[in-house]
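# Survey of secondary and tertiary structure
Spelled out, the chains give:
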Amino acid sequence: QVQLVESGGGLVQAGGSLRLSCAASGRTFSTYAMGWFRQAPGKEREFVGGISRSGGSTYYTDSVKGRFTISRDNAKNTVYLQMNSLKPEDTAVYYCAANRGTDYQHGWRYDYWGQGTQVTVSS
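Everything numeric here is computed off the predicted structure, so don't read it as measured data.

This part is about the sheet that holds strand β3 (residues 18-24). With respect to topology, 4 strands assemble into an open sheet ordered β1-β3-β8-β7, the strand pairing being antiparallel. If you trace the sheet from one side to the other, it starts and ends with β1 (4-7) and β7 (68-73), each paired once. Strand-to-strand twist in this sheet, taken as the mean axis angle between neighbours without regard to direction, amounts to 15°. Bridge analysis of β7 against strand β8 (residues 78-83) gives 6 bridges, and the strand direction is antiparallel. Paired with D73 across the strands is T78, a residue of β8.

Shown next as structure tokens:
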């Protein structure tokens, strides 16, 4: 069992930055690939990005490439989402999730989810 707790959300003006953190419980964090997803009001949950177990590979949806960066610290059981140049359309609840496999993009492939943290970008 893995428990995930996100933090770092908040209100920011367009063009600003936020860093989300996702702290995982347990000793097996490094055996999971990690992903970030988001869900805006009235919209389906969408893949934001993912990171491999070692942190050596990252994947992003096109709309955040060049603005968002995912990293992880396996010693701290934490994965991060650095968000720069934020836009109002980035407003959503952001979730981290843990995945035993290698399919990053599909939410149904993930085994554990955090409770989410709200990110609001004002124009």
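Text resumes after the structure shown.
The next thing to look at is the pairing of β3. Counted residue by residue, β3 has 5 buried out of 7 residues, so it is predominantly covered. When β1 meets β3, the two strands line up antiparallel, connected through 4 bridges. From the neighbouring strand, S7 faces β3, where its bridge partner is S21. As defined by bridge partners, β3 adjoins β8 across 6 bridges and the pair is classed as antiparallel. What sits directly across from A23, in β8, is T78.

So, about unusual backbone geometry. Residues other than glycine seldom take positive phi values, yet N77 does so here, at roughly 55°. Inspection of the secondary structure assignment puts N77 in the loop between β7 and β8. The phi angle at S85 is positive, at roughly 50°, despite the residue not being glycine. Position of S85 relative to the elements: it lies in the loop between β8 and β9 (92-99).

In this section: the environment of A14. By the secondary structure assignment, A14 is in the loop between β2 (10-13) and β3. Considered as a pair, A14 and L86 are 72 residues apart in the sequence and their alpha carbons are 5.3 Å apart. The residues contacting A14, other than those within four sequence positions of it, are L86, P88, V121, S122 and S123.

Pairs may arise between side chains of opposite charge once their charged atoms sit close together. Inspection of the entire model under this criterion finds 6 salt bridges. One salt bridge in this structure joins R38 and D90, with 2.9 Å as the shortest N-O distance. One end of the pair, R38, is in strand β4 (residues 33-39); the other, D90, is in the loop between β8 and β9, with 52 residues separating them in the sequence. A salt bridge links D90 to R67; the shortest N-O distance between them is 2.7 Å. With a gap of 23 residues between them, D90 in the loop between β8 and β9 and R67 in the loop between β6 (58-60) and β7 connect regions that are remote in the sequence. Of the two residues, D90 and R67, both sit in the buried class. Each member of the salt-bridge network shares a partner with another, and the members are R38, E46, R67 and D90.

As a further point, take the nonpolar core. Formed by 29 residues in total, the largest nonpolar core has its most connected members in L4, M34, W36, L81, M83 and Y94. Look past the residues within four positions of L4 in its chain and what remains in contact with it is C22, A23, A24, M34, C96, A97, A98, Y112, W113, G114 and Q115. Counting residues in hydrophobic clusters, the runner-up holds 6 residues, among them A33, F47, A97 and Y110.

Conventions and cut-offs
- Residues numbered from 1 in each chain as written.
- Predicted model: local features only at pLDDT ≥ 70, side-chain atom pairs only at ≥ 80, totals over all residues.
- Heavy atoms only, no water.
- Pairing = 2+ DSSP bridges.
- Helix = DSSP H or I, 4+ residues; strand = E, 2+ residues; numbered from the N terminus.
- Axes fitted to C-alpha atoms, helices over the stretch in contact; angles between N-to-C directions.
- Buried < 20%, exposed > 50% of the residue type's maximum accessible area, 1.4 Å probe, protein only.
- Contact = heavy atoms within 4.5 Å.
- Salt bridge = Lys/Arg side-chain N within 4 Å of Asp/Glu carboxyl O.
- Core = buried A, V, L, I, M, F, W, Y, C linked by side-chain atoms within 4.5 Å.

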